[in-house]
Amino acid sequence: MQTTMRRDTHLDHLRSGERFDFLIVGGGATGLGAAVEAASRGWRVALIERGDFAQGTSSRSTKLVHGGVRYLKQGDVALVRDALRERGRLLRNAPHLVSDMAFVIPSYSRWNRFFYGTGLAVYDRLAGKLGMGASRRLGREETLRLLPTVKPEGLVGGVLYHDGRFDDARLAINLARTAVNHGAVVANHCACAGFVKEGGKVAGVRARDAESGAEFEVRARVVVNSTGVFVDELRRMDDPAVRPVLSVSQGVHLVLPREFLPGDAAMMVPKTEDGRVFFAVPWHGRVVAGTTDVPMPGASAEPRALAEEREFLLAHAAKYLRRPPREEDVLSVFAGQRPLVRAAHAGSTAKLSRDHTILVGESGLVTVTGGKWTTYRKMGEDVVNQAEAVAGLERRASVTRDLRIHGWAEKANTDKADVFAVYGADGEGIRALERENASLAELLHPALPYRRSEVVWQARHEMARSVEDVLSRRTRALLLDARASIEAASAVAELLAAELGRDGEWRAAQTAAYEALARGYVFTDSASQASA
């Protein structure tokens with residue numbers, strides 16, 4: 001049974017010829033949730049991810065664990081109720097990664113203040129015992145105290161409510177470690193190159209190790225396709241005649257200095273002029289502002305912000321903030337794509353289903369798609385229930401509602417000044433590295449909160465294999481300050497090379513590759529890349 005995250009050991013296990021009960025393709029929120037669900041039920045589980053864990057959509061969210069206020073307005077009460085209850089469970093099971101956040105809807109008309117105050121009272125009731133706090137209407141002065149940089153002209157008050165804030169990529173890494181703690185075998189940078197079939201039924205996959213190029217078979221009683229915006233790609237690999245089920249929507253966010261929203265509350269505008277939602281959320285000492293909702297012609301592994309998306313976000317930030325952010329204020333701009341299930345007569349991606357869908361192909365391939373981060377656990381529970389039936393396995397009860405995520409501690413470290421807080425109980429292990437080698441306590445870059453010790457820990461315990469793995473997902477340096485992260489890349493490459501046994505040529509190639517990637521997150525550079 002695997003209990004550590006050493007990639008070479010996990011690859012050896014995948015190549016061993018063992019027949020697993022479950023093989024999950026895709027290491028984002030959905031796939032990792034399914035792996036935790038199946039492994040915690042006692043099944044033998046393998047998971048492969050062609051990139052890094054959460055490299056796609058799952059590291060590019062608005063950083064919210066929420067029920068979805070706008071879905072309530074659309075009348076999707078069941079979706080909101082399920083999401084709110086999952087929100088409460090996640091706060092309880094991963095307090096080192098999820099926190100209660102006050103949100104304020106600034107109101108410039110008394111009707112809006114009344115309307116959203118009434119709607120959020122329903123939001124509270126749907127959460128039941130798993131609620132985070134009661135919503136309430138605010139006067140003008142209290143709204144300005146909570147949102148000190150909001151435009152005061154015409155402001156009549158606001159509505160306060162509670163939702164969750166989290167670090168998406170860090171949660172994904174901790175879910176991978178949770179699955180491994182329950183015996184799962186996982187490997188990043190390991191793609192599905194094709195399916196193994198017996199009698200027309202999927203019996204496994206041909207896996208390709210991206211680092212060596214070697215291919216090998218991994219067999220399982222049931223294969224789950226949880227590849228996010230790429231699920232149709234895998235479904236066509238299984239059956240070229242299959243009809244697509246997804247429409248792809250893109251969401252873009254700007255990351256601004258904290259001075260643009262210095263209070264302790266986030267701002268939420270439930271309906272902009274074009275019907276979208278606008279958030280400004282304090283996060284890791286910065287402010288994440290977004291999001292857009294633009295239909296895309298297809299999926300992209302590294303999506304870029306469109307010119308109209310950048311302009312939309314700057315314009316709406318300027319509409320609600322006293323000081324309009326300028327291009328040079330933007331520390332990073334990032335894009336993510338959502339897998340939305342096609343719906344008949346839906347006129348825009350905003351109207352497509354945010355709920356999840358499970359499909360079973362004629363070959364027995366089980367596909368799960370749609371949904372959102374907040375409901376990842378419920379998606380995992382539902383798809384494992386379905387996969388057990390497809391494989392003819394006995395039905396086992398789910399235990400994940402109360403399952404603690406790796407790093408959980410009796411008293412979660414909520415000290416915002418402690419960079420190791422997101423590691424939970426693992427923070428002590430990183431401090432031990434610094435006691436052994438004082439130089440590891442040095443910052444990677446003066447504009448970033450991350451230390452050299454974290455890179456060593458991530459290489460040894462979190463399957464970090466590249467500079468991008470470290471600066472984009474194990475830390476969030478790429479999002480917090482894209483330019484500073486480029487300047488930190490060579491130091492990260494040096495630390496990784498020492499841990500992974502790489503040479504100078506590898507270090508140089510990694511540094512150059514990361515700089516090329518990160519230039520797309522610099523606001524002005526991303527504009528030229530998107531138009532190229």
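Report follows, based on the coordinates. Predicted, not measured: the structure shown is a model, and the values here were computed from it.

Before going further, it helps to spend a moment on the overall build of the protein chain. Scanning the protein chain from N- to C-terminus turns up 17 helices and 18 strands. On C-alpha atoms alone, the protein chain measures out to a radius of gyration of 22 Å, which is about the 24 Å that the 2.2 N^0.38 rule sets for 532 residues. In the protein chain, once contacts between residues fewer than 6 apart in sequence are set aside, the share between residues at least 24 apart is 71%. Accessible surface computed for the protein chain: about 20,600 Å², of which carbon and sulfur atoms make up 50%. Averaging the coordinates of the 73 positive side-chain charges in the protein chain and doing the same for the 66 negative ones gives two points 6 Å apart.

Right, let's talk about the packing of helix H12 (residues 452-461) against helix H15 (residues 482-500) for a bit. Taken N-terminus to C-terminus, the directions of H12 and H15 make an angle of 40°; their axes are 9 Å apart at the nearest point. On the basis of their axis angle, the class for H12 and H15 is oblique. Two packed elements cross with a definite hand, and for H12 against H15 that hand is right-handed. Contacts from Arg452, Val455, Val456, Ala459 and Arg460 of H12 reach H15 at Val492, Leu495, Leu496 and Glu499. Across the contact of H12 with H15, the residue classes break down as six nonpolar, no polar and three charged.

Once that is clear, we can look at the nonpolar core. Taken as a class, soluble globular proteins show a tendency for nonpolar side chains to be buried jointly. In terms of nonpolar packing, the biggest core is built from 87 residues, with Phe22, Val45, Leu171, Leu496 and Tyr514 touching the most fellow members. With eleven residues, H15 is the largest single contributor of residues to this core. With residues near it in sequence (within four places) discarded, Val45 still touches Phe20, Phe22, Ile24, Ala35, Ala38, Ala39, Gly183, Ala184 and Val185. Formed by 32 residues, the second largest nonpolar core is a distinct cluster that contains Leu147, Ala265, Leu313 and Ala335.

Attention now moves to the packing of aromatic side chains. Taken as a whole and judged by the stated rule, the model has eleven aromatic pairs. Ring pairing ties together the aromatic residues Phe103, Tyr123, Tyr161 and Phe279, which thus form one cluster. Of note, Arg15 hangs over the ring of Phe216, and the distance from its end group to the ring centre comes to 5.6 Å. We note Arg50 situated over the ring of Phe230; from NZ or CZ to the ring centre the distance is 4.5 Å.

With 16 residues, helix H10 (residues 376-391) extends 22 Å from end C-alpha to end C-alpha; this agrees with the ideal 22 Å at 1.5 Å per step. Looking at H10, one finds that the buried residues are Tyr376, Arg377, Met379, Gly380, Glu381, Val383, Val384, Asn385, Ala387 and Glu388. A positive phi of about 70° marks Gly392, the residue just after H10.

Looking along the chain, the bond that leaves Gly290 and enters Thr291 is cis, with omega of 10°. Considering the arrangement of structural elements, one finds Thr291 in the loop between strand E14 (286-290) and strand E15 (294-296). A positive phi angle is found at Ala54, which is not glycine, with a value near 60°. Along the chain, Ala54 falls in the loop between strand E2 (45-48) and strand E3 (64-65). The exposure class of Ala54 is buried, given its relative accessible area of 2%. Here the phi dihedral of His284 falls at roughly 50°; this positive angle occurs in a residue that is not glycine. Among the secondary structure elements, His284 is positioned in the loop between strand E13 (278-283) and E14.

What follows is about the side chain of Ser466. Within the secondary structure, Ser466 sits in the loop between H12 and helix H13 (467-474). Polar side-chain contacts of Ser466 include one of 3.0 Å to the backbone nitrogen of Asp469. If we skip the residues at most four places from it in the chain, Ser466 touches Leu496 and Gln510.

Below, the discussion takes up the pattern of salt bridges. Throughout the structure, instances matching the rule amount to 49 salt bridges. Between Asp238 and Lys197 there is a salt bridge; the shortest N-O distance is 2.7 Å. Of this pair, Asp238 sits in helix H8 (residues 231-238) while Lys197 is found in strand E8 (residues 190-198), placing the two residues 41 residues apart along the sequence. Owing to a relative accessible area of 12%, Asp238 belongs among the buried residues under this scheme. For Lys197, a relative accessible area of 38% corresponds to the partly exposed category. As a salt-bridge pair, Glu328 and Arg326 come within 3.5 Å of each other at their nearest N and O atoms. Residue Arg326 is classed as partly exposed on the basis of its relative accessible area of 47%. Salt bridges here are not isolated pairs; linked through shared partners, they connect Arg7, Asp209, Glu211, Arg465 and Arg502.

Reading guide: rules and limits
Residues numbered from 1 in each chain as written. Predicted model: local features only at pLDDT ≥ 70, side-chain atom pairs only at ≥ 80, totals over all residues. Heavy atoms only, no water. Helix = DSSP H or I, 4+ residues; strand = E, 2+ residues; numbered from the N terminus. Rg over C-alpha atoms; globule rule 2.2 N^0.38 Å. Contact = heavy atoms within 4.5 Å. Areas by Shrake-Rupley, 256 points an atom, 1.4 Å probe, with all protein chains shown as cover. Lys, Arg positive; Asp, Glu negative; His and termini not counted. Charge placed at Lys NZ, Arg CZ, Asp CG, Glu CD. Axes fitted to C-alpha atoms, helices over the stretch in contact; angles between N-to-C directions. Parallel < 35°, antiparallel > 145°, perpendicular 65-115°, else oblique. Left-handed = near helix turned anticlockwise from the far one by under 90°. Nonpolar A, V, L, I, M, F, W, Y, C, P; charged D, E, K, R; others polar. Core = buried A, V, L, I, M, F, W, Y, C linked by side-chain atoms within 4.5 Å. Buried < 20%, exposed > 50% of the residue type's maximum accessible area, 1.4 Å probe, protein only. Phe/Tyr/Trp six-rings, centres within 6.5 Å; stacked < 30°, edge-to-face > 60°. Lys NZ or Arg CZ within 6 Å of the ring centre and 35° of its normal. Expected span 1.5 Å × (residues − 1). Polar contact = N/O pair within 3.5 Å; in protein donor to acceptor, adjacent residues only side chain to side chain. Salt bridge = Lys/Arg side-chain N within 4 Å of Asp/Glu carboxyl O.

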